[in-house]
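The residues making up each chain are set out below.
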Amino acid sequence: MVCFLSSAYFSDKVFFETVSQSANLDAIKMKLWEQISGNIVLGAYNQIPEWQLKLGPRDRGPVLVILDDVWSLSQLEELIFKFPGCKTLVVSRFKFPSLVTRTYEMELLDEEAAFSVFCRSAFDQESVPQTADKKLVRQVVAECRGLPLALKVIGASLRDQPPKIWLSAKNRLSRGEAISDSHETKLLERMAASIECLSGKVRECFLDLGCFPEDKKIPLDVLINIWMEIHDIDEPDAFAILVELSNKNLLTLVNDAQNKAGDLYSSYHDFSVTQHDVLRDLALHMSGRDALNNRKRLVMPRREESLPRDWQRNKDTPFEAQIVSIHTGEMKESDWFQMSFSKAEVLILNFASSVYYLPPFIATMQNLKALVLINYGTASATLDNLSAFTTLNDLRSLWLEKITLPPLPKTTIPLKNLRKISLVLCELKNSLRGSKMDLSMTFPRLSNLTINHCIDLKELPSSICEISSLENISISNCHDLTELPHELGKLHCLSILRVYACPVLWRLPPSVCSLKRLKYLDISQCINLTDLPEELGHLTNLEKIDMRECSRLRSLPRSSSSLKSLGHVVCDEETALLWREAEQVIPDLRVQVAEECYDLDWLVD
């Protein structure tokens, strides 16, 4: 009803934004104003003239701004636009009588509505099936106390379970008496019973989700990688856990990730995970039961300008944490204090600034396996204290997002165990171009290299081709990349090569045909690619090619018919015609005409 009224009265002038506890208010105000005014703002929000904000957009008419998950009056005061015709709808757990004139309190679901929600989650229908115990179902529903999210999560956790499991769940829920009247407290207490039902590794993976910032998308590749490193599981098992948590409504997969990311050769970099903030609170609540220094996960629940005071009070005692997650703004050397993390295997550094000093206590993390740096600021960040990397002998995975890479020196201490490097939205500043550093000596075991949305990447250094351990190269949305190294054929272990959405790439080097182990080639959305190497047929192990939106490809090499292992080609309708001859001689070849898909989801936090 609200959606109907808003679309009828406000037309297309309805703008929604999630605020959260640790919101970047300047970024939210900028984004909202750009949407309202229809103009891109150059510079900071505070540089917009006050008269312009008071008058509103040139295109007059009613505007509705919906602010979800507002936590404080100070936040709300910053985000209220006061030009004529602008209305603000606030969704919050709190009341703001000094600013909000009308308040509507959401009620808990009544018995029948709660029963319906639960049944949809537990049975995929509106009522209890004949094979289930209706009385027991109603008892479980009653213990959820009309809390919608609890009904969905607990219902999903009991789907397809035998009666004894239902009875056990009912008993655990009935013992979780609320210690206050807070809806949130009740919700955490009742939902914790569902989490305790999960198997050991699935439960631990759920608790790991609390280590990421609220209301931010979690890169699927980061999540899967962390689970593999600290829970000793392989990639298919990690993905199966992800799907199980999704089916139980404990997380949300973005961009149809369950179907698309499950493909044998799909890249996790295109997908992400979100989680309801109450579920994140639940993970933090359950992870915080132990004493601070004994916790398996040491997490800053929200962004702060400095490290928590209780961390400083306990800094002289070693921390037992396996995962350490920090969320701040800019950090200088003087903002850190020394702590000991001898058991830490994952360090997640979330921040928002243009300069960031790496924490000195990295030197104590002798067992660190995964390092994740994500900058949520508006500009790329420069890192200080890079010497911290010299101590990370066991580091296996490095994720850098929105970071300015420094020029690579001629010599550096090798990261002997580093298997995976991911550069996302980074500014390379010619750090790779013309590099004289022997990358094969610095990264002797590197198997996976991903460069995504690094728009100033023009070329790769030829020394990358000396890293004989490389198995997977993925380069996407690098709009200045013109060609790949001529010596690419030296990578004899390479099985996956993705070079997609690189619009000025004009050819593949002929040596690519020497990649005897190559199984997957993705050149989709390389719109300037005019032909493929003549000896493409030498790729006798090639199983799949994705070449959609390669509009300038007018022919295929004659040797294409020799691709006897090729089973799947994804392309546009015109390109599909080029494969007709090959289809007649390659026995299991399937040519799939793909639908055009324009995805700008990566632009949104």
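Rules and cut-offs
- Residues numbered from 1 in each chain as written.
- Predicted model: local features only at pLDDT ≥ 70, side-chain atom pairs only at ≥ 80, totals over all residues.
- Heavy atoms only, no water.
- Helix = DSSP H or I, 4+ residues; strand = E, 2+ residues; numbered from the N terminus.
- Buried < 20%, exposed > 50% of the residue type's maximum accessible area, 1.4 Å probe, protein only.
- Pairing = 2+ DSSP bridges.
- Salt bridge = Lys/Arg side-chain N within 4 Å of Asp/Glu carboxyl O.
- Arc of directions from axis to C-beta.
- Polar contact = N/O pair within 3.5 Å; in protein donor to acceptor, adjacent residues only side chain to side chain.
- pLDDT = per-residue confidence, 0-100.
- Contact = heavy atoms within 4.5 Å.

The name recorded for the protein in an unreviewed UniProt entry is Disease resistance R13L4/SHOC-2-like LRR domain-containing protein, from Zizania palustris.

So, unusual backbone geometry
In the Ramachandran plot, Leu-425 falls in the positive-phi region, its phi being about 55 degrees despite a non-glycine side chain. By secondary structure assignment, the location of Leu-425 is in the loop between β15 (420-424) and α16 (439-442). On the accessibility criterion, Leu-425 (27% relative accessible area) is partly exposed. Its identity is not glycine, yet His-453 carries a phi of approximately 55 degrees, on the positive side. Here His-453 lies in the loop between β16 (448-452) and β17 (472-476).

Overview of the environment of Thr-378
Counting through the fold element by element, Thr-378 comes out in the loop between β11 (370-375) and β12 (381-384). We classify Thr-378 as exposed; its relative accessible area is 76%. Sequence separation between Thr-378 and Ala-352 is 26 residues, and the spatial gap between their C-alpha atoms is 7.7 Å.

A look at the sheet that holds strand β10 (residues 355-357)
In space, the three strands of this open sheet follow the order β10-β12-β14, with parallel pairing throughout. Either end of the sheet is taken by a strand with one partner, and the two such strands are β10 and β14 (403-404). Of the pairings in the sheet, the one linking β12 to β14 comprises two bridges and is parallel in character. Of the residues in β14, the one forming a bridge with Thr-382 is Thr-404.

A closer look at helix α7 (residues 148-157)
Three- or four-residue spacings in an α-helix give side chains the same orientation, since the helix completes a turn every 3.6 residues. Burial within α7 is extensive, with eight of its ten residues counted as buried. Buried within α7 we find Leu-149, Ala-150, Leu-151, Val-153, Ile-154, Gly-155, Ala-156 and Ser-157.

A short note on the pattern of salt bridges
Applying the stated criterion to the full structure yields 20 salt bridges. For Lys-315, the salt bridge goes to Asp-316, with nearest N and O atoms at 3.6 Å. Overall, the relative accessible area of 29% leaves Lys-315 in the partly exposed class. Salt bridges linked by common partners bring Glu-204, Asp-208, Lys-296 and Arg-297 together as one network.

Remarks on helix α6 (residues 134-143)
Looking at α6, one finds that the buried residues are Leu-136, Val-137, Val-140, Val-141 and Glu-143. The arc enclosing the buried residues of α6, seen along the axis, measures out at 160 degrees, which places them on a common side. With a side-chain oxygen lying 3.1 Å from the backbone nitrogen of Lys-135, the N-terminal cap of α6 falls on Asp-133. Trailing α6 by a residue or two, Arg-145 shows a phi angle of about 55 degrees, which is positive.

A short note on the confidence of the model for the protein
When pLDDT is averaged along the protein, the result is 86; 88% of the residues meet or exceed 70. Here residues 600-604 scores under 50 on pLDDT; set against residues more than four positions off or in separate chains, the count is seven contacts.

Digging into the sheet that holds strand β6 (residues 272-274)
A sheet is described by the order of its strands in space; here three strands give the open sequence β4-β6-β5, paired in antiparallel fashion. Taken across any chain shown, the strands that pair with only one partner, and hence form the sheet edges, are β4 (218-219) and β5 (252-254).

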